[in-house]
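Commentary on secondary and tertiary structure
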Amino acid sequence: MTRASSLILCSLSFSCALSAQQPDVIPDGYRVETVRTPEGHAFGVGGMSFAADGTLFLSTREGQVWTLRGDRWTLFADGLHEPLGLLVDQKTNQVFCVQRPELTELIDDDGDGVADRFRTVCDAWGLTDNYHEYAYGLVRDEQGNFYGTLNTTLSWPGWAGSDKWDFARVHDCKMGRAVPYRGWSFRITPDGVFEPWSSGLRSPAGVALGPAGELLCTDNQGDWVATSCLHVMDRGDFHGHPSSLTDAPEYAGKDLNEISIERYGELRRQPAVWFPHGDLANSPGEPILDDTGGRFGPFVGQLFCGDQTRSNVFRIVLEQVDGRYQGCAINFADHLQSGVVRARFSKRGELWVGQTGRGWGSRGPAKFGLQRVVWDGRTIPFELSRVAAAKDGFVVHFTRPADAERAREAGRYRVQRWRYKHYPGYGSPKLDRGEVAVERVSVSSNGRSARLGLDLTEGFVYQIRVEVPAVDGSTIANPVAYYTLHAVPR
Amino acid sequence: MVCRVPHSHIFFYAALCVPLWAQAPPAGFEQVDHEIELGVLPGQLRFDQERLAVAPGSKVKLTLVNTDSMQHNFVLCRRGEGVVAKVADATLRLGAQASEKHYVPDLDDVLVSTKAVFLDQQDTIWFVAPTTDGDYPYVCTLPGHAYTMKGILRVGAVSVARREVPIDNLRYRVFRGKWQRLPDFEALSPVREGELEGGMLELGPLGENQDFGAVFTGSIEVKESGAHTFFLNSDDGSRVFVDDREVVAYDGVHPASKEQRGDVELTAGAHQLRVEFFQGGGGQVLDLAYAAAGGPRRALSTKKRARPRVTPISVHHHPVVMRVHVERASARTVAVGLPGGMNYAFDAARCSVQFGWAGAFLDVSPDRDGRGGRPCKTLGPRFAVGDSGFPLRAADGASKPARFRGYRVMPTPTFEIDWSGVAVEWAIAPAPEGVGLVYAFTFGAPLAADVMFVIDAAGLTLSSSLGDLNQGRLEVPAGTKTFTVTVRNPEAVR
């Protein structure tokens, strides 16, 4: 990194925020602001993390790490290999990034705001020059262990343009595993010891910690992945894409093609929540927990996630039934200026989203960028807070009281369901699709929820459309929720 | 005696011109003996001509045309051993002034030079060629470019050859109108006429978007008598006449989806060519070529070719370290560019230097375009550095595992390696002379035991602070805290 470039200071005498074109759809009380990025630099965001003092550290696909203090951008580091995960430790202020070849600590020895040393924390996974071999991250648990995920290898010669990466494709699927641990999530101890965590991932582009500290990732629709989804990852899980089993000790020496497609379906831990392709999301990035204590409005404890193709932000609300994770996904802001891949809450409770569209066909006029979603601090929008499963149907929760009389009308709720299949093909169609009759509705006395009585069948995704106004006549900006039902409560 | 136009005069003439493409010749140079258009090969750090020839004392007009993403210049030097190296060296020492001096040092060794121009720019200079016969080197003096971007201007008796173009006297007439098929152009009045000096059919210069037609006329020089085939594709309609006989046609309103062919017997020699074309809306294409039976196609048309995109990372006064995929190198390559044009590829997987290269640093367009992630290109010829893995071994020559632990960039890129419990810092700098690198090893603590430095010495000149190497092996005694090895490749590009 040249010293000259390392001292670039983009000092602005006015705020970094530019007025943004507002999304077509966004709940009342929220607006989008565009943050000015350093001029002359391609700024495809790969990783974002706020330090304890509020400084934003941001890494780009082009290999740079920038800091934003107030209005001032400083180039912190350069020459990294596609860093798609960044973490500033809240206690020690150490800066870690996960890049293609390794987990690295960026060390500023002399405290001048520029990294001087790049310490390899762990480089134990396999890497070729296959462009799909991304390394994503980055979260850290209370014990200081790091977690991230590794993309599979684009192996099919027809796509990859070469058979040099044609390894471990199972049942002739497109993605494979050319070198160790592609398709795995990993844990790295504070001492830098690599531990494979869970397998069966395909393109696990975003990693997060959930409301109860669960390790989460999103996966992208493709071979063996019916539609994009959210996984809860426990150690030893197999999430469905078989190529990565090449590195699982219990499969050592086995021909993975001898295991049937149906058997793989049984062996996998299903994702917690499906994101219906084209309806909600196509390539989700990083989810992030709203831990703002209410400074971002009434969605505390929920997960927000961005999508790279659709350039939207949506919400995910998890619950557990019978020990199984499931829940709903509901759109939030649609569309932003470019593909959203990373999301973090600032200390002030703004949702900052890192964007990049390069090469992947994102919606929106910008090729890259940085925006933030800001809540006005007082307006409670009338939205579907969440949908929960009940033994005889669903409970739709509103953010504030609904018009109770109208909320009782069954005709205002339209429910459809379908299911997906697990197979090597690229994405699954919606199977066994049909309308589900809402047989009865009861509304809570405070108008905050409506209980829908309907037939529930495990293994289906339910699309629930709610056309109910609030007591004051407000309408819901995002009236559709998608509920993934693995287990029916008893 | 060398006759040259002094530097100050060149800049004076150039300064008279405001737009670079409308430069006027200085007094006395309205007619010149040689007109040279010198281009560059994009992304390759080479001129498109490496041999030029002019007569002694002749008047020369030379235009440097830059179609490359990097800045380039043209510097003509006097004859002599080591002149180019001296000029390149002096350029490096210009430091911060370099760019305003267009990277040309004030030396008598420089005869004439152009400005340093960017992509899609050109600069023209007029000068009187040296009167003494001989080979005069010319070079681009942007940092690192002189290794490969050079040629020889031969001053001697030379005849001016006629430049061959595919279509001689190529003229065009433009018509406006809306048609479904080619009209009778002779019944219409053209709105404009012109000449295409390049001798190739081209729609761009016509400057029309839609609802227009054109008639091109000229002559082609057929090399050998016999059967010939014409290949035509167009959007929208077109047809081709040779000696007033229609040879191939693709009329109507359509995209350029299907190449048409037409055969004709032609004798060797000149033949009249007439091409009619019309365009409605949407895309416009006119592709024409011909070939003798069994021979290669000779293009008669051209279009603005998408320039090969080069995104160069340049090295100026400080080293640049980049982790990227590099062509024909390890997936864990750490590419390092050192000031002065020496670069190398370090392999973090094996803790070894894979190769070096002299020249500009890297073209990262494969990593930055589209989805990226593809191997980048080294901008300059590579040279071997005797890569045989991590070069330190136990005293008996046995390898011990080396783990990459990270690096620093300033002041010199230095790699930190854990060599089976021994902390090693390996700093790499350019060799003081010639093409090569200097390896400096520093241990966390003085070595507890003897070790050996081992390298594949084939083709290399090696020396060290601990004495000479013996066939690529050097004994490093216990107690050593630091030592250096200089690795030079004398066969590498001069």
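What counts, and where the lines are drawn
- Residues numbered from 1 in each chain as written.
- Chains lettered and ligands numbered in written order.
- Predicted model: local features only at pLDDT ≥ 70, side-chain atom pairs only at ≥ 80, totals over all residues.
- Heavy atoms only, no water.
- Helix = DSSP H or I, 4+ residues; strand = E, 2+ residues; numbered from the N terminus.
- Pairing = 2+ DSSP bridges.
- Axes fitted to C-alpha atoms, helices over the stretch in contact; angles between N-to-C directions.
- Buried < 20%, exposed > 50% of the residue type's maximum accessible area, 1.4 Å probe, protein only.
- Arc of directions from axis to C-beta.
- Contact = heavy atoms within 4.5 Å.
- Phe/Tyr/Trp six-rings, centres within 6.5 Å; stacked < 30°, edge-to-face > 60°.
- Lys NZ or Arg CZ within 6 Å of the ring centre and 35° of its normal.
- Domains from an automatic or database assignment.
- Buried area = accessible area lost by both parts, 1.4 Å probe.
- Salt bridge = Lys/Arg side-chain N within 4 Å of Asp/Glu carboxyl O.
- Polar contact = N/O pair within 3.5 Å; in protein donor to acceptor, adjacent residues only side chain to side chain.
- Nonpolar A, V, L, I, M, F, W, Y, C, P; charged D, E, K, R; others polar.

**With respect to unusual backbone geometry**
Residues and elements named next belong to chain A. In the segment running from Gly137 into Leu138, the intervening peptide bond is cis, with an omega of 15°. Take Leu138: it is sitting in strand β12 (residues 135-140). Backbone torsion omega between Asp334 and His335 reads 0°, so that peptide bond is classified as cis. Among the structural elements, His335 can be located in the loop between β25 (324-333) and β26 (340-345). Phi at Tyr181 is positive, roughly 75°, even though this residue is not glycine.

**Regarding the sheet that holds strand β17 (residues 194-198) of chain A**
All names here are of chain A. Ordered by their spatial adjacency, four strands build an open sheet running β12-β13-β16-β17, and the pairing between neighbours is antiparallel. Strands with a single pairing partner mark the edges of an open sheet, and in this sheet they are β12 and β17. In this sheet, neighbouring strand axes are inclined to one another by 30° on average, regardless of whether the strands run parallel or antiparallel. With four bridges connecting them, strand β16 (residues 185-188) and β17 associate as antiparallel partners. Pairing of Ser185 across the sheet is with Ser198, part of β17.

**Let's talk about helix α2 (residues 83-92) of chain B**
Residue and element names in this part refer to chain B. Val83, Val87, Ala90 and Thr91 are the residues of α2 that are buried. Taken end-on, α2 shows its buried residues confined to a sector of 105°, consistent with a single buried face. Next to the buried residues of α2 lie β6 (75-77) and β7 (110-113).

**Considerations on the packing of aromatic side chains**
Each aromatic ring pair is characterised by the separation of its centres together with the angle its planes make. The full count for this structure, using the stated rule, is 59 aromatic pairs over all chains. Ring centres of Tyr407 of chain B and Phe415 of chain B lie 6.3 Å apart, and the angle between their planes is 55°; on these two criteria the pair is classed as tilted. Of the two residues, Tyr407 of chain B and Phe415 of chain B, both sit in the buried class. If you follow Lys174 of chain A out to its NZ or CZ, it ends over the ring of Trp156 of chain A, 4.3 Å from the centre. Lying over the aromatic face of Phe460 of chain A, Arg417 of chain A brings its terminal NZ or CZ to 4.2 Å of the ring centre.

**Here we look at the environment of Glu100 of chain B**
All names here are of chain B. Along the chain, the position of Glu100 falls in the loop between α2 and β7. On the basis of relative accessible area, Glu100 is assigned to the exposed category, the value being 64%. Remark: the alpha-carbon pair of Glu100 and Lys115, spanning 15 residues in sequence, is separated by 9.5 Å.

**Regarding the domain arrangement of chain B**
Per the domain assignment, the segments of chain B are domain 1 (7-155), domain 2 (168-299) and domain 3 (312-488). Distance between the C-alpha centres of domain 2 of chain B and domain 3 of chain B: 57 Å.

**With respect to the environment of Ala445 of chain B**
Note that Ala445 of chain B resides in the loop between β33 (436-443) and β34 (451-454). When the C-alpha atoms of Ala445 of chain B and Thr480 of chain B are compared, they prove to be 8.6 Å apart, with 35 residues separating the residues in sequence.

**Section: the domain arrangement of chain A**
For an interface, size is often stated in terms of accessible area lost upon the parts coming together. Residues and elements named next belong to chain A. Per the domain assignment, the segments of chain A are domain 1 (3-375) and domain 2 (384-485). Using only C-alpha atoms to locate each centre, domain 1 and domain 2 end up separated by 29 Å. With 40 residues of domain 1 at the interface, the matching set in domain 2 holds 28 residues. Taking both partners together, domain 1 and domain 2 bury about 2600 Å²; carbon and sulfur atoms supply 57% of that area. For the pair domain 1 and domain 2, the interface holds one salt bridge. The partner of Asp279 in a salt bridge is Lys430, and the shortest N-O contact between them spans 2.5 Å. Joining domain 1 to domain 2, the criterion identifies 18 residue pairs in polar contact (both at pLDDT 80 or more). Broken down by secondary-structure element, the contributors of at least two residues to the side of domain 1 that touches domain 2 are α3 (261-267), β21 (273-274), β24 (313-321) and β25. By residue number, the principal contributor to the side of domain 1 that touches domain 2 is β25, which donates seven residues. Residue composition of the side of domain 1 that touches domain 2, grouped by class: 23 nonpolar, eleven polar and six charged.

**A closer look at the interface of chain B and chain A**
Of the residues lining the interface, 27 residues belong to chain B; the matching set on chain A comes to 30 residues. The junction of chain B with chain A conceals about 2500 Å² of combined surface from both sides, 46% of it contributed by carbon and sulfur atoms. Of all residues in chain B, Arg323, Arg332 and Arg371 of chain B give up the largest surface area on contact with chain A, accounting jointly for 30% of the area buried on that side. Across the contact surface, chain B and chain A share two salt bridges. Close ionic contact of Asp123 of chain A with Arg403 of chain B constitutes a salt bridge, the shortest N to O distance being 3.2 Å. If you look at where chain B meets chain A, you find 14 residue pairs in polar contact (both at pLDDT 80 or more). Listed by contribution, the elements that provide at least two residues to the side of chain B that touches chain A are β22 (320-323), α3 (365-368) and β30 (402-408) of chain B. Examining the composition of the side of chain B that touches chain A, we find that six residues originate from one element, β30 of chain B, more than from any other. Along the lines of polarity and charge, the residues of the side of chain B that touches chain A split into eleven nonpolar, six polar and ten charged. Where strand β11 (residues 117-122) of chain A lies against β30 of chain B, three bridges are found, and the strand directions are antiparallel. Across the sheet, the residue bridging to Phe118 of chain A is Tyr407 of chain B, located in β30 of chain B.

**Things to note about the pattern of salt bridges**
Evaluated as defined, the whole model comprises 60 salt bridges over all chains. Asp334 of chain A serves as the salt-bridge partner of Arg310 of chain A, at 2.5 Å between the closest nitrogen and oxygen. Taken together, the residues Arg310 of chain A in the loop between β23 (303-307) and β24 and Asp334 of chain A in the loop between β25 and β26 connect sequence positions 24 residues apart. This pair shows no difference in class: Arg310 of chain A is buried, exactly as Asp334 of chain A is. Each of Arg173, Glu186, Arg239, Glu246, Arg274 and Glu276 of chain B takes part in one network of salt bridges that share partners.

**Regarding the sheet that holds strand β10 (residues 150-155) of chain B**
All names here are of chain B. With respect to topology, five strands assemble into an open sheet ordered β4-β10-β9-β6-β7, the strand pairing being mixed. Among the strands making up the open sheet, the edge pair consists of β4 (51-54) and β7. Taken pair by pair, the neighbouring strands of this sheet meet at an average axis angle of 25°, ignoring direction. Here six bridges tie strand β9 (residues 134-139) to β10, and the two strands are oriented antiparallel to one another. Bridge pairing in β10 places Val139 opposite Lys150.

**What about the pairing of strand β27 (residues 351-356) of chain A?**
All names here are of chain A. In terms of residue burial, β27 counts as a mostly covered element, since six of its six residues are buried. Because side chains alternate across β27, one face comprises the buried residues Leu351, Val353 and Gln355, and the other comprises Trp352, Gly354 and Thr356, equally buried. Looking at chain direction, β26 and β27 are connected through five bridges and run antiparallel. Opposite Phe345, over in β27, you have Leu351 as the bridge partner.

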